[in-house]
Amino acid sequence: MKILGIETSCDECAAAVVEDGRQVLSNVVATQVPFHAPYNGVVPEIASRKHTEWIYDVVKEALHKAGVAPKDIDAVAVTNRPGLLGSLLVGVSFAKAFAWARNIPLIAIDHMMAHLYASRLNNDTPPAYPFLGLLVSGGHTIICRANNFDDITVLGTTIDDAIGEAFDKVAKHYDFGYPGGAVIDRMAQNGDSEAFRFPLPSLHKGSHRYDVSYSGLKNAVINQSEQFRIKKDGAIKPDDIAASFQKTAIETLLRALFNAVEDSNLTTIVAGGGVAANSYLRASLAERQVLHCIFPPPEFCGDNGAMIAGIAYQYLIRGDRSPLSITASARVDGFKKKYP
Ligand code: KG4
Ligand code: ZN
């Protein structure tokens, strides 16, 4: 069964064709980065307009690369939550039109659930449920227990900024480049991660055992970096700032994740989201040989249509369909942690 997946929740205009939830036949991602870079962040108005301009060609290319015609597509899947409302609506409207014109099922997808599914793409040995999910992106930081492809229990989350947002804000402040995550990751390769000792949040007890916080770290790096400098001699090196910040950001995440491992007895960890591409995170988890850590290949970490088409297959074979009246939601309540 071939599913067309459409993803326009933020600044990537993406479409893909995936067969039977696993085999990726095409995966086209048209990035808007050059259009948002002058502003050092995504401008929602520009994002919606670019999606409107590009979506037809992106879908056409995804079909062409997969070697299929519209008549070969069995269902259309689209991200309808969470994300930028104007951007989401472009993908949703296009997907509805495609489904209606071809008289095929429409499946509305939760973007974060799809990130968690991404590691199953092109993977002949996908991990069995349950496992621990680590969802790290520009808007979310979630540690969860995944019981099934659409059933997660949020164990921990950020109490303020998302991890990707912290990377982006630090890069923006220092003018390192945009988007910040990949730039800081690259700079950190040449930096000394011990040059600064930035504070870890004091969130390791009770109901916050699996939670993280990034606003304190972000502010320390941006406003008070001199105060946390270990080697006081010489000028402050940008690569050292990047390496020290990245180390603290990832250690914060790992501390909460390892608490979840300890308490849940789950040793399989499945990562997803743009920050799952981070090399320090990957290397740190690879060192833990008692854990089985699964990362999607880099092309499926950031936003893409393949993860949308992939997870949609699971809904489709269960008999789920979305009505042509679906709309988009900027937020999803289910990702909020329930405190005792
Ligand atoms: O999943 P994604 O593409 O979009 C959202 O759903 O938010 O994630 C984007 C985030 C951005 O904050 C970006 O800076 C971050 O992922 N990112 C990284 C890396 N590559 C992308 N963060 C850390 N290290 C990376 N290598
Ligand atoms: Zn995403």
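Residues numbered from 1 in each chain as written. Chains lettered and ligands numbered in written order. Predicted model: local features only at pLDDT ≥ 70, side-chain atom pairs only at ≥ 80, totals over all residues. Heavy atoms only, no water.

A. Quick look at the coordination of the zinc ion (ligand 2). For the zinc ion (ligand 2), every protein donor is listed as His111 (NE2), His115 (NE2) and Asp303 (OD), and the spread of their distances is 2.0 to 2.1 Å. Along the chain, the residues donating to the zinc ion (ligand 2) fall in the pattern H-x3-H-x187-D. With a gap of 188 residues between them, His115 in helix α4 (residues 111-117) and Asp303 in the loop between β10 (292-294) and α10 (306-318) connect regions that are remote in the sequence. Each member of the pair His115 and Asp303 is classed as buried. (Donors = N, O, S within 2.8 Å, 3.2 Å for Na, K, Ca; no water. Helix = DSSP H or I, 4+ residues; strand = E, 2+ residues; numbered from the N terminus. Buried < 20%, exposed > 50% of the residue type's maximum accessible area, 1.4 Å probe, protein only.)

B. Quick peek at the side chain of Ser9. Here Ser9 lies in the loop between β1 (2-7) and β2 (12-19). Relative accessible area serves as the criterion here: at 3%, Ser9 is assigned to the buried category. Side-chain polar atoms of Ser9 contact the side chain of Glu7, separated by 2.6 Å. What Ser9 contacts, discounting residues up to four positions off in sequence, is Thr79, Pro82, Gly83, Leu84, Ser87, Leu88, His111 and Asp303. (Polar contact = N/O pair within 3.5 Å; in protein donor to acceptor, adjacent residues only side chain to side chain. Contact = heavy atoms within 4.5 Å.)

C. Helix α5 (residues 163-174), seen in detail. Here α5 contains 12 residues, and its C-alpha end-to-end distance of 17 Å stays within 8% of the 16 Å for a straight helix at 1.5 Å per residue. For α5, the full list of buried residues reads Ile163, Gly164, Ala166, Phe167, Val170 and Ala171. Looking straight down α5, one finds its buried side chains confined to an arc of 160°; they lie on one side. Contacts from the buried residues of α5 go to β6 (131-136), β7 (141-148), α6 (180-188), α7 (215-223) and α8 (238-264). Of the residues trailing α5, Asp175 is marked for its positive phi of about 60°. (Expected span 1.5 Å × (residues − 1). Arc of directions from axis to C-beta.)

D. Quick peek at the site of ligand 1. Lining the immediate surroundings of ligand 1 are 18 residues, of which Gly138, Asp168, Gly181, Asp185 and Asn278 lie closest. Take Gly138: an N or O atom from its main chain is 2.9 Å from an oxygen atom of ligand 1. For ligand 1, a nitrogen atom lies 2.9 Å from a polar atom in the side chain of Asp185. Breaking the shell around ligand 1 down by element, the ones donating at least two residues are α4, α5 and α6. Residues that form the shell around ligand 1 fall into these classes: 4 nonpolar, 11 polar and 3 charged. (Near = heavy atom within 4 Å. Nonpolar A, V, L, I, M, F, W, Y, C, P; charged D, E, K, R; others polar.)

E. Inspection of the pattern of salt bridges at higher detail. For the structure shown, the criterion picks out 14 salt bridges. Where Arg209 meets Asp263, a salt bridge forms, and the shortest distance between an N and an O atom there is 2.8 Å. Pair noted here: Arg209 is in the loop between α6 and α7 and Asp263 is in helix α8, with a separation of 54 residues, a long-range link. Note on Asp263: relative accessible area 38%, which makes it partly exposed. Between Arg229 and Glu226 there is a salt bridge whose closest N-O contact spans 3.2 Å. Residue classification places Arg229 among the buried positions, given a relative accessible area of 11%. (Salt bridge = Lys/Arg side-chain N within 4 Å of Asp/Glu carboxyl O.)

F. Layout of α8. Over its 27 residues, α8 runs 39 Å from end to end, which matches the ideal 39 Å to within 8%, given 1.5 Å per residue. Most of α8 is tucked away: 19 of the 27 residues are buried.

G. Spatial organisation of the nonpolar core. Counting 47 residues, the largest nonpolar core has Leu134 and Phe245 as its most contacted members. For this core, the elements supplying multiple residues, two or more each, are β6, α5, α6, α7, α8, β9 (268-272) and α9 (279-287). Here this core gets 12 residues from one element, more than from any other, and that element is α8. Leave out the neighbours within four places in its chain, and Leu134 touches Ile142, Ile143, Leu253, Leu257, Ile269, Val270, Ala271, Gly272 and Leu281. (Core = buried A, V, L, I, M, F, W, Y, C linked by side-chain atoms within 4.5 Å.)

Distances and angles like these do not, on their own, reveal function.
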